[in-house]
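Chain by chain, the residues:
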Amino acid sequence: MNPLILIIEDEAPIRKYLSASFVDAGYRVNEAASGEEGLRLAVDYPPDLVVLDLGLPGIDGQEVIQQLRQWLRVPIIVLSARDQEAQKILALDHGADDYVTKPFGTGELLARIRAALRHAASSPTGNVVTFGTVRVDLAARTVHRNHEIVHLTPLEYKLLVTMIRHTGKVLTHRFLLREVWGPNDVAEPHYVRVFMANLRRKLEEDSARPQFFLTEPGVGYRFHSAV
Ligand code: CA
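In this text, all values refer to a predicted model and were calculated from it rather than measured experimentally.

**A short note on the domain arrangement of the protein**
Next, step 1: Assigned domains of the protein: these are domain 1 (4–121) and domain 2 (128–223).
Next, step 2: A straight line from the C-alpha centre of domain 1 to that of domain 2 covers 27 Å.
Next, step 3: On the domain 2 side, the residues contacting the 13 residues of domain 1 number 13 residues.
Next, step 4: Carbon and sulfur atoms supply 47% of the area buried between domain 1 and domain 2, which totals about 960 Å² over both sides.
Next, step 5: Looking at the side of domain 1 facing domain 2, the largest losses of area belong to Asp-93, Asp-97 and His-119, adding up to 44% of the total buried there.
Next, step 6: Joining domain 1 to domain 2, the criterion identifies 2 salt bridges.
Next, step 7: Of the charged contacts, one joins Arg-222 and Asp-98 as a salt bridge, the two residues approaching to 3.1 Å between their closest N and O atoms.

What follows is the structure in structure tokens.
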């Protein structure tokens, strides 16, 4: 059966347009005009992916994400307006996977949906992850590049593993600080930048043009294992 997408968007023209585009692309679709209706539909017809507008009447998008994330693991892609930068970052902190900024092209959104569904389906199998010429053995805690061992500090390794565990997902600075340095650490946001630069230098072919450890401007980072 084709994947089911739940659209939660209060503006009817946008909702109808998204719905038609998704159906054209071969997906099944459920539409909700409010957060309340979206939560109800998610329970009755568990979706494979949620497309969620952040600006909703009644309970807002942030609340919807928090409630969905209590029981639903599928990807959530957020639609945000240009002036909602802080809202977008908060949504990612609450557990959204990705975002597109309005106005967006359907092609871009469909590409994000395909990527998110692909990552959701590729559950972490085995202990070895490869990308480019890099091979990470999560059981042995070793990293090789071109068959040569790469020496990472414990924090660099922890950052690498955190990125790998959330392949394809946009990770905010706050999320990475919490995961890698811990909730009680006084780590500064620039730590992430410094350690990301180290990972790129050690693992990317060209650290100035990263292929795997990508920057999401103003938000954080995203790891792509396949190019
Ligand atoms: Ca709206």
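**Brief notes about the coordination of the calcium ion**
Next, step 1: Distances from the calcium ion to its protein donors, Asp-10 (OD), Asp-53 (OD) and Gly-55 (O), fall at 2.2 to 2.3 Å.
Next, step 2: Donor residues for the calcium ion, ordered by position in the chain, follow D-x42-D-x1-G. Linking Asp-10 in the loop between strand S1 (4–8) and helix H1 (12–24) with Gly-55 in the loop between strand S3 (49–53) and helix H3 (61–68), this pair joins segments that are 45 residues apart in sequence.

**Considerations on the pairing of strand S8 (residues 142–145)**
Next, step 1: Alternating positions in S8 separate cleanly, Val-143 and Arg-145 being buried on one face and Thr-142 and His-144 remaining unburied on the opposite face.
Next, step 2: Two successive antiparallel strands, strand S7 (residues 134–137) and S8, enclose a turn made up of 4 residues, where Arg-141 displays a positive phi of approximately 55 degrees.
Next, step 3: Sheet topology places S8 next to strand S9 (residues 148–149); 2 bridges connect them, and they run antiparallel. When the sheet's bridge partners are listed, His-144 is paired in S9 with Ile-149.
Next, step 4: Where S8 folds back onto S9 in an antiparallel hairpin, the turn is made up of 2 residues, including Asn-146, whose phi is positive at roughly 50 degrees.

**Describing helix H5 (residues 106–121)**
Next, step 1: In a regular helix each residue adds 1.5 Å, so 16 residues correspond to 22 Å; H5 covers 22 Å between its end C-alpha atoms and thus fits that length.
Next, step 2: Those residues of H5 that are buried are in contact with S1, H1, S3, strand S4 (76–80) and strand S5 (98–101).

**A few points about the pattern of salt bridges**
Proximity of charged atoms lets side chains of opposite charge pair with each other.
Next, step 1: Across all of its chains, the model carries 15 salt bridges by this definition.
Next, step 2: Across the pair Arg-174 and Asp-93 runs a salt bridge, and its minimum N-O distance is 3.3 Å. Of this pair, Arg-174 sits in helix H7 (residues 173–181) while Asp-93 sits in helix H4 (residues 85–93), and the two are 81 residues apart along the sequence.
Next, step 3: You can call Asp-93 buried: its relative accessible area is 12%.
Next, step 4: Between Arg-112 and Glu-108 there is a salt bridge whose closest N-O contact spans 3.3 Å.

**Considerations on the packing of helix H6 (residues 154–165) against H7**
Helix packing for two helices is described by the angle between their axes and how far apart those axes are.
Next, step 1: For the pair H6 and H7, interaxial distance at closest approach is 9 Å and the crossing angle is 125 degrees. It follows that H6 is oblique to H7 by the angle criterion. For H6 against H7, the interelement crossing comes out right-handed. Residues Leu-155, Lys-158, Leu-159, Thr-162 and Met-163 of H6 form the contact with H7, whose own contacting residues are Phe-175, Leu-176, Glu-179, Val-180 and Trp-181.
Next, step 2: Of the residues belonging to the contact of H6 with H7, the class tally is 7 nonpolar, 1 polar and 2 charged.

What counts as what
- Residues numbered from 1 in each chain as written.
- Predicted model: local features only at pLDDT ≥ 70, side-chain atom pairs only at ≥ 80, totals over all residues.
- Heavy atoms only, no water.
- Domains from an automatic or database assignment.
- Contact = heavy atoms within 4.5 Å.
- Buried area = accessible area lost by both parts, 1.4 Å probe.
- Salt bridge = Lys/Arg side-chain N within 4 Å of Asp/Glu carboxyl O.
- Donors = N, O, S within 2.8 Å, 3.2 Å for Na, K, Ca; no water.
- Helix = DSSP H or I, 4+ residues; strand = E, 2+ residues; numbered from the N terminus.
- Buried < 20%, exposed > 50% of the residue type's maximum accessible area, 1.4 Å probe, protein only.
- Pairing = 2+ DSSP bridges.
- Expected span 1.5 Å × (residues − 1).
- Axes fitted to C-alpha atoms, helices over the stretch in contact; angles between N-to-C directions.
- Parallel < 35°, antiparallel > 145°, perpendicular 65-115°, else oblique.
- Left-handed = near helix turned anticlockwise from the far one by under 90°.
- Nonpolar A, V, L, I, M, F, W, Y, C, P; charged D, E, K, R; others polar.

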